[in-house]
Amino acid sequence: SAVVAPLVICSSVWFYPSWAALVALFIPLALGTWAGFALVALPPLSIRYLNTNTAFLGSIVVGNGINTGIMLLARIQEELALGKRVKDAIANGVSESWRATFAAALASAASYGSLIFTDFRGFNQFGWIGGIGIVMCWVAMYWMMPALCLLLGERLRPRPVPAGQSAAGSS
């Protein structure tokens, strides 16, 4: 857990060299992760503590929950790189990515959720927290990121690649 969060942040700063992109990515991620843990704390699950098997689930939810945001933000930035207006880029990015990211989030949630059928409490709780956390991160990304991107506007537009250089940075 202590290693995963800095790695996620460092790789995001490297890929999105814009503070605006990081804001658009991390606010929904934090909300989705919080919502996942909040929902499992409610009855009937009432998972209000973590044990040795579930203590690292924050980093699992963050590490997998960020995938949706990365895909959505990349799609929006692709549209912005084509010269589209921010509002149109967001609309296209959302409409062209939600099905694929939803399917991926549900597949991840189902894989974690399969653990709810075990009798071992640590795995059972892992299944509930992981499954609900991934779905809540998806919901938060598609609920908040479009509004944040609209608010942040042109600050999200990727920098143009100099002539004679590829997007990967090689000549």
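Everything here concerns the structure above.
Description of the structure in this document. All residue numbers refer to position in the chain's written sequence, counted from 1. At least 70 in pLDDT is required for a residue's local features to be given in this predicted model, at least 80 for side-chain atom pairs to be given and counted, and no such filter applies to totals for whole chains, interfaces and linings, which use all residues. In computing side-chain values, all of the structure's heavy atoms are included and hydrogens and water are not.

Points about the overall build of the chain
Line of reasoning, step 1. Working definition: helices are DSSP H or I runs of at least four residues, strands are E runs of at least two. Numbering for both runs from the N terminus. Scanning the chain from terminus to terminus reveals 5 helices and 0 strands.
Line of reasoning, step 2. When the helices and strands of the chain are read in sequence order from the N terminus, they spell out α-α-α-α-α.
Line of reasoning, step 3. Each residue is assigned to one of three classes by its accessible area relative to the maximum for its type, calculated with a 1.4 Å probe on protein chains only: buried under 20%, partly exposed between the two thresholds, exposed over 50%. Put simply, the chain has 171 residues, and 39% of those count as buried.
Line of reasoning, step 4. Contacts are assigned to residue pairs with any non-hydrogen atoms lying within 4.5 Å of each other. Sequence-distant contacts in the chain: of pairs separated by 6 or more residues, those separated by 24 or more amount to 75%.

A word on helix α2 (residues 19-41)
Line of reasoning, step 1. To estimate how far a helix should extend, the number of its residues minus one is multiplied by 1.5 Å. Its 23 residues place the ends of α2 33 Å apart at the C-alpha level, agreeing with the 33 Å of an ideal helix rising 1.5 Å per residue.
Line of reasoning, step 2. For α2, every residue scored as buried is listed here: Ala 20, Ala 21, Leu 22, Ala 24, Leu 25, Pro 28, Leu 29, Gly 32, Thr 33, Ala 35, Gly 36 and Val 40.

Some remarks on the side chain of Glu 79
Line of reasoning, step 1. Tracing the sequence through the fold places Glu 79 in helix α3 (residues 57-81).
Line of reasoning, step 2. A polar side-chain atom of Glu 79 sits 3.1 Å from a polar atom in the side chain of Asn 92.
Line of reasoning, step 3. Not counting residues up to four positions away in its chain, the partners in contact with Glu 79 are Lys 84, Ala 89, Asn 92, Gly 93 and Glu 96. A 3.5 Å cut-off defines polar contacts: any pair of N or O atoms within that distance qualifies, except that in protein one atom must be a possible hydrogen donor and the other a possible acceptor, and neighbouring residues in sequence count only when both atoms are side-chain atoms.

Points about the packing of aromatic side chains
Line of reasoning, step 1. Any pair of Phe, Tyr and Trp rings, taking the six-membered ring for Trp, is counted once the centres come within 6.5 Å. Such a pair is stacked with planes under 30 degrees apart, edge-to-face with planes over 60 apart, and tilted for the rest. Across all of its chains, the model carries 4 aromatic pairs by this definition.
Line of reasoning, step 2. Here the aromatic rings of Phe 102 and Trp 138 are separated by 4.7 Å at their centres, their planes lie at 55°, and the arrangement is tilted. With Phe 102 in helix α4 (residues 86-113) and Trp 138 in helix α5 (residues 121-152), the pair connects residues that are 36 residues apart, well separated along the chain.
Line of reasoning, step 3. Seen from their ring centres, Phe 120 and Phe 123 are 5.0 Å apart, and the 75° between their planes marks the pair as edge-to-face.

Details of a nonpolar patch on the surface
Line of reasoning, step 1. Think of a patch as exposed residues, more than 30% relative accessible area, with no salt bridge, where like charges cluster within 9 Å and nonpolar side chains (Val, Leu, Ile, Met, Phe, Trp, Tyr) cluster within 5 Å. Residue-level accessible areas treat just the shown protein chains as cover; the underlying method is Shrake-Rupley with a 1.4 Å probe. Salt bridge, as applied in this entry: a Lys or Arg side-chain nitrogen positioned within 4 Å of an Asp or Glu carboxyl oxygen. On the surface, a cluster of nonpolar side chains totalling about 250 Å² of accessible area is made up of Trp 98, Phe 102 and Leu 106.
Line of reasoning, step 2. Structurally, Leu 106 is set in helix α4.
Line of reasoning, step 3. According to the relative accessible area criterion, Leu 106 is partly exposed, its value standing at 39%.

So, the pattern of salt bridges
Line of reasoning, step 1. For the structure on display, the rule yields 5 salt bridges.
Line of reasoning, step 2. Glu 79 is the partner of Arg 75 in a salt bridge, and the nearest nitrogen-oxygen pair spans 2.5 Å. Taken as a pair, Arg 75 and Glu 79 lie in helix α3 at a separation of 4 residues, close to a single helical turn. Neither Arg 75 nor Glu 79 differs from the other in exposure class; each is buried.
Line of reasoning, step 3. With its nearest N and O atoms 2.1 Å apart, the salt bridge here joins Arg 75 to Glu 96. Of this pair, Arg 75 sits in helix α3 while Glu 96 is found in helix α4, placing the two residues 21 residues apart along the sequence.

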